[in-house]
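# Architecture and fold: a report
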Amino acid sequence: MKNKMLAILIACLLLINSTPVFANTNYLVDSENLEEIKAREEYIVNDFNNALPTGEIKSVESKDIDYEKIIKVYPNMRKILEDNDLDNEKMQNYIKDAKHSYYIPIYDNGKTALATVSERTELTDEAREKFTQEEIDNYELLVGELVVKSVGVYSEIVDYKGEIEKTLVDNNIENATIYFVGALSNRIGLAAVICTNNPADTQIKILKQFESKVEENDSVTFDDNKLYTCYELKTITEREEKDIQNSSKEYIGYGDSAPTAVDATAPANDNNKIIIISAVSGAVVLAVSVAAVCVIKKKKTAKVTNEE
């Protein structure tokens, strides 16, 4: 009996010790966020299917949404690179009043359809001049509601949360809070800020970056497998800006969540696409722009869209 109890105790200890370190990780997508998404699930699925080009991926159903893989992304967070003492408390202050989007993936036979979902905002005066009053009225029906702003179709599995979980395990990082942030520089489309209670432990992993367009003047290299400090990234991005200024080529700005660096001359030679969704009219109107192409490191080429 004693031997049996000892065996059970040892098994329990092994189970505890083998628990992944990311079990105590906070990804900032709480039950309230998930309920907000689920409340709009029917509309999100409908927008997904309206956006997907025929034959690219299967028709989406509610059961296809993997809620465990949803991440919350805070765009335009370059300012955090100025903070060499970045920690949880400071990151909470940075995101306190910041807008955010959700990345919602759908997987199908090795492909990924990735939707960027966020609250619809009021039209600017400039935007209003481009649409009829009927279109504006239809648009404003959903102001403040979650809507699909873009859908990217990739010919591979895109799992940003899974990528971070692997990073935490590989680097033995425990009890961390993960902040997914966008547009840290012209080439960094998405990164994860890994915070603990010790500012010295704060590190940043690049999850999505764009190929350089400055070629011979390029002195910037981002390592997908490296964890950077704020100071390291700031130093590299400052060199990046100088390279751009010294080059005859230019970057065209990135959007708040999906890749939006547009190069009309870049070849679209794979199956990764990001579909433009213009949801001003009552029905979602699609505009798949053949020329709107950006080069993404690791994720290859993609066509780009954003909701008006």
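Residues numbered from 1 in each chain as written. Predicted model: local features only at pLDDT ≥ 70, side-chain atom pairs only at ≥ 80, totals over all residues. Heavy atoms only, no water.

## So, unusual backbone geometry
For N76, which is not a glycine, the phi torsion comes out positive at approximately 50 degrees. For N76, the position within the fold is in the loop between β1 (71-74) and α4 (88-95). (Helix = DSSP H or I, 4+ residues; strand = E, 2+ residues; numbered from the N terminus.)

## What about the confidence of the model for the protein chain?
Predicted confidence across the protein chain gives a mean pLDDT of 74, with 68% of residues reaching 70 or more. Ranking the helices and strands of the protein chain by mean pLDDT puts β1 first, with 96, and strand β10 (residues 285-287) last, with 32. The low-confidence segment residues 275-306, where pLDDT is below 50, has 123 contacts with residues more than four positions distant or belonging to other chains. (pLDDT = per-residue confidence, 0-100. Contact = heavy atoms within 4.5 Å.)

## Points about the packing of aromatic side chains
Each pair of aromatic rings is reported with the distance of its centres and the angle of its planes. Enumeration over the complete set of coordinates arrives at 2 aromatic pairs. Ring plane angle 15 degrees and centroid distance 6.3 Å describe the contact between Y27 and F180, whose orientation is recorded as stacked. Of this pair, Y27 sits in the loop between α1 (2-17) and α2 (31-39) while F180 sits in strand β5 (residues 177-182), and the two are 153 residues apart along the sequence. Take Y27: its relative accessible area is 9%, and that puts it in the buried class. Classification of F180 by relative accessible area gives buried; the value is 0%. Residues Y103 and Y160 carry aromatic rings whose centres are separated by 6.2 Å and whose planes lie at 50 degrees to one another, so their mutual orientation is tilted. Of this pair, Y103 sits in strand β2 (residues 101-108) while Y160 sits in helix α7 (residues 160-170), and the two are 57 residues apart along the sequence. The exposure classification of Y103 matches that of Y160, with both residues buried. (Phe/Tyr/Trp six-rings, centres within 6.5 Å; stacked < 30°, edge-to-face > 60°. Buried < 20%, exposed > 50% of the residue type's maximum accessible area, 1.4 Å probe, protein only.)

## Things to note about the nonpolar core
I80, M91, V181, L184, V193 and L233 are the most contacted members of the largest nonpolar core, which has 22 residues in total. Of all the elements in the fold, those that place two or more residues in this core are α4, β5, β6 (188-195), β7 (203-210) and α8 (230-245). Among the elements that make up this core, the one with the highest residue count is β6 (4 residues). The residues touching L184, leaving out its near neighbours within four places in the chain, are M77, R78, I80, L81, A191, I204 and L233. Core analysis: the second largest hydrophobic core is formed by 21 residues, A51, Y67, I70 and V153 among them. (Core = buried A, V, L, I, M, F, W, Y, C linked by side-chain atoms within 4.5 Å.)

## Considering the environment of V147
Within the secondary structure, V147 sits in strand β4 (residues 146-154). Judged by its relative accessible area of 1%, V147 is buried. As a C-alpha pair, V147 and E119 span 28 residues in sequence and 6.1 Å in three-dimensional space.

## Notes on α4
Every buried residue of α4 is accounted for by N88, M91 and I95. Each buried residue of α4 sits inside an arc of 60 degrees when the element is viewed along its axis, so together they form one side. The exposed residues of α4 that point more than 90 degrees off its buried face are E89 and N93. In the core, the buried residues of α4 are packed alongside β1, β5 and β6. (Arc of directions from axis to C-beta.)

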